[in-house]
Amino acid sequence: MRINDPDRKIAEAAEALAPGLVAIRRDIHAHPELAMEEVRTAGIVSRELERLGIAHRTGLGRTGIIGMIEGGRPGPTLAIRADMDALPIHEETGLPFASTVDGKMHACGHDIHTSTLLGVASVLKDLAPMLAGRVALVFQPAEETLEGAAAMIADGAAEGFDMALGFHNHPDMPVGETGFVRGACLAASDRFDLVLRGKSGHAAHPESAVDPIVAAAHFVSQAQTVVSREVDPLKPAVVTIGMMAGGATYNIIPERVALKGTVRTLDAGTRDIAEGALRRLVAGLELGFRVQASLDYRRMVPALVNDDGVLERVVPAVAAQLGRAPVEGLPSMGSEDFSEFAALVPSMHLRVGSGAPGRADRLHNAGYQPDEGCISVGVQALSRAALELLA
């Protein structure tokens with residue numbers, strides 16, 4: 001194979017690697033580990049990097065790993081990140097390699113991601129003489145809790161990074177198709193816990209009690225006005241109350257009601273507006289309903305913003321490799337803590353189609369079955385992107 005024919009070289013390597021990568025994926029799938037528990041998965045990654053002769057560090061952000069491939073010439077450092085954690089979902093696929101752990105499942109395809117990056121590691125190790133710079137292979141824990149990237153960064157994982165690539169399988173796109181979004185592609189994610197304390201009493205005598213349920217119901221309704229009346233309608237935002245709990249029976253006004261919610265925004269200014277509005281509404285509950293309100297509002301991860309400079313180089317490189325141009329799509333209000341890396345260095349997040357023919361799968365679903373053909377596609381796309389960025 002001529003060294004000046006990288007597209008064909010990458011395609012042939014991905015094809016040869018596919019059976020082994022699928023086997024690794026199925027092994028990881030059968031043994032899912034939740035956020036910050038990815039000890040076995042990290043062991044598999046470390047073993048494979050060792051086999052490939054790739055130097056690596058373990059224990060970053062507790063269970064994270066970074067492998068390093070040195071290029072043939074000096075240049076920048078490109079990080080390519082894959083997440084490793086599973087979800088607290090009981091698998092119902094009936095597959096022969098289904099989860100062997102009750103209540104845990106790779107329902108978001110992070111097993112796919114881990115296997116894909118191991119394939120990229122193998123390809124780029126062989127192509128290292130062509131690289132001007134080096135590749136950091138980032139195997140990250142705890143994406144589902146939006147904590148893993150920050151934990152790795154706190155341990156110094158991002159030191160020396162100049163660019164970064166992330167990716168995610170997309171069951172809404174067929175295998176063979178890739179996609180991208182210009183600018184903000186995934187939302188900032190914030191969480192809040194609100195506790196309202198009143199005065200317990202008999203349901204027949206509400207005047208002698210302070211009812212936190214009425215205050216909570218009012219807050220749930222008012223919270224929707226943050227989006228409808230305070231945020232620019234051209235700037236997306238979502239406020240969702242995911243949990244409300246209080247009371248025990250029909251005829252007792254409870255002492256306490258607890259709520260949990262999330263705020264998603266694509267714009268930093270909108271994020272500030274939403275938080276300020278919710279804090280103001282909570283303060284109003286104390287005056288209007290006589291309850292004591294305790295709000296714990298936590299900013300989790302920023303919006304994931306694709307860098308135009310990286311995107312403009314990666315998109316044509318992926319198109320050349322796959323013979324099919326990545327499809328430009330719309331942002332999602334979902335969140336992804338790769339945004340922590342993207343906030344530090346110019347980055348891009350690639351969508352990799354994983355939809356199986358005849359299926360309509362969804363992420364975070366007990367029956368999720370991605371098409372394993374997406375592993376080879378991801379290996380090719382990311383390897384070719386790296387070759388372009390480190391040309």
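Residues numbered from 1 in each chain as written. Predicted model: local features only at pLDDT ≥ 70, side-chain atom pairs only at ≥ 80, totals over all residues. Heavy atoms only, no water.

Student: Would you explain the nonpolar core in this entry?
Tutor: The biggest cluster of nonpolar side chains holds 54 residues, and the ones touching the most others in it are L49, I80, L137, F139, L165 and M348. Broken down by element, the residue count for this core peaks at 10 residues, all from helix α9 (residues 373-389). Residues within four places of F139 in sequence aside, it is in contact with V45, L49, G64, I65, A82, M84, T114, L117, L118 and M152. (Core = buried A, V, L, I, M, F, W, Y, C linked by side-chain atoms within 4.5 Å. Buried < 20%, exposed > 50% of the residue type's maximum accessible area, 1.4 Å probe, protein only. Helix = DSSP H or I, 4+ residues; strand = E, 2+ residues; numbered from the N terminus. Contact = heavy atoms within 4.5 Å.)

Student: Would you mind showing me how to read the sheet that holds strand β1 (residues 55-60) here?
Tutor: Strands pair in a sheet through their backbones, by hydrogen bonds, and they do so in one of two ways: parallel or antiparallel. Strand order across the open sheet formed by eight strands is β1-β2-β4-β3-β5-β16-β6-β15, with mixed pairing between neighbours. The open sheet has two free edges, formed respectively by β1 and β15 (327-328), since each of these has just one partner strand. Inspection of the sheet shows β1 paired to strand β2 (residues 64-70) by four bridges, in the antiparallel sense. In the strand pairing of β2, A55 is matched with M68. Strands β5 (163-174), β6 (178-180) and β16 (347-355) of the sheet are contacted by helix α7 (residues 308-322), whose axis makes an angle of about 30 degrees with β16. (Pairing = 2+ DSSP bridges. Axes fitted to C-alpha atoms, helices over the stretch in contact; angles between N-to-C directions.)

Student: Mind showing me how you'd approach the pairing of β16 here?
Tutor: Each regular strand carries side chains that alternate between the two faces of the sheet. Within β16, nine of the nine residues are buried, which leaves it mostly tucked inside the rest of the structure. Side chains S347, H349, R351, G353 and G355 of β16 all project onto a buried face; the interleaved residues M348, L350, V352 and S354 project onto the opposite face, where all are buried too. The pairing of β5 with β16 spans eight bridges and is classified as parallel. Bridge pairing links P174 to G355 in β16. Summarising the sheet, β6 and β16 pair through two bridges and their orientation is antiparallel. Counterpart to T178 in the pairing with β16 is V352.

Student: Hey, could you run me through the pairing of strand β8 (residues 188-197) in this one?
Tutor: Of all 10 residues in β8, seven are buried; the element is thus mostly enclosed. Where β8 meets strand β12 (residues 256-265), 10 bridges bridge the pair, whose relative direction is antiparallel. Its bridge partner lying in β12, R191 is registered against T262. When β8 meets strand β13 (residues 292-301), the two strands line up antiparallel, connected through nine bridges. Bridge pairing in β13 places F192 opposite Y297.

Student: Sorry if this is basic, but what is going on with the pattern of salt bridges here?
Tutor: Where charged atoms from two side chains of opposite charge approach closely, those side chains can pair. Counting across every chain of the model gives 26 salt bridges. One salt bridge in this structure joins D7 and R384, with 2.5 Å as the shortest N-O distance. Of this pair, D7 sits in helix α1 (residues 6-30) while R384 sits in helix α9, placing them 377 residues apart in sequence. Residue classification places R384 among the buried positions, given a relative accessible area of 14%. A salt bridge links R8 to E12; the shortest N-O distance between them is 3.1 Å. Here R8 pairs with E12, and both are found in helix α1, just four residues apart, close to one helical turn. The partly exposed category is assigned to R8, whose relative accessible area is 49%. (Salt bridge = Lys/Arg side-chain N within 4 Å of Asp/Glu carboxyl O.)

Student: Quick question: what am I supposed to make of the packing of aromatic side chains here?
Tutor: Aromatic ring pairs are reported here in terms of the distance separating the ring centres and the angle at which the planes meet. Within this structure, the stated rule accounts for four aromatic pairs. A centroid spacing of 6.2 Å and a plane angle of 85 degrees characterise the contact between F192 and F219, whose relative ring orientation is edge-to-face. On the criterion of sequence distance, the pair formed by F192 in strand β8 and F219 in helix α5 (residues 212-230) is long-range, its members being 27 residues apart. Of the two residues, F192 and F219, neither departs from the other in class, the shared state being buried. (Phe/Tyr/Trp six-rings, centres within 6.5 Å; stacked < 30°, edge-to-face > 60°.)

Student: Could you clarify how one ought to interpret the packing of helix α3 (residues 110-127) against α9 in this entry?
Tutor: Think of two packed helices as two axes; the pair is described by the angle between the axes and how far apart they sit. In contact at an axis separation of 8 Å, α3 and α9 are set at 45 degrees when each is read in the N-to-C sense. The angle between α3 and α9 falls in the class oblique. Viewed along their axes, α3 and α9 form a crossing whose handedness is right-handed. Where α3 approaches α9, its residues I112, S115, T116, G119, V120, V123, L124 and L127 are matched on the opposing element by C374, I375, G378, V379, L382, S383, A386 and L387. (Parallel < 35°, antiparallel > 145°, perpendicular 65-115°, else oblique. Left-handed = near helix turned anticlockwise from the far one by under 90°.)

Student: What is the right way to read the side chain of R25 from this model?
Tutor: In this structure, R25 sits in helix α1. With a relative accessible area of 2%, R25 lands in the buried category. If we skip the residues at most four places from it in the chain, R25 touches F97, D111, I112, S115, P370, E372 and I375.

Student: When you look at helix α2 (residues 39-52) in this model, what are you seeing that I'm missing?
Tutor: Working note: α-helix, 3.6 residues per turn, so residues spaced by three or four point in the same direction. For α2, with 14 residues, the first-to-last C-alpha span of 20 Å sits near the 20 Å given by 1.5 Å per residue. Check the buried side of α2 and you find it contacts α1, β1, β2, α3 and β4 (132-140). Downstream of α2 by a residue or two, G53 has a phi angle that is positive, lying close to 75 degrees. (Expected span 1.5 Å × (residues − 1).)

Student: Looking at this structure, I do not really get the side chain of N306. What am I missing?
Tutor: By secondary structure assignment, the location of N306 is in strand β14 (residues 304-306). Taking relative accessible area as the criterion, N306 reaches 3% and is therefore assigned buried. A polar contact is formed between the side chain of N306 and the backbone oxygen of V181, at a distance of 2.7 Å. For N306, the side chain forms a polar contact with the main-chain nitrogen of H349, separated by 2.8 Å. (Polar contact = N/O pair within 3.5 Å; in protein donor to acceptor, adjacent residues only side chain to side chain.)

Student: Help me understand the sheet that holds strand β10 (residues 237-246) in this model?
Tutor: Pairing is antiparallel across the open sheet formed by four strands, whose spatial order is β10-β12-β8-β13. Looking at strand neighbours, the two that pair on one side only are β10 and β13, the edges of this open sheet. Each strand of the sheet is rotated relative to its neighbour by a mean of 15 degrees, with strand direction disregarded. Sheet strands touched by α5: β8, β10 and β12. Its angle to β10, the strand with the most contacts, is close to 170 degrees. Along the sheet, helix α6 (residues 268-289) contacts β8, β10, β12 and β13; its crossing angle with β13, the most-contacted strand, is approximately 170 degrees.

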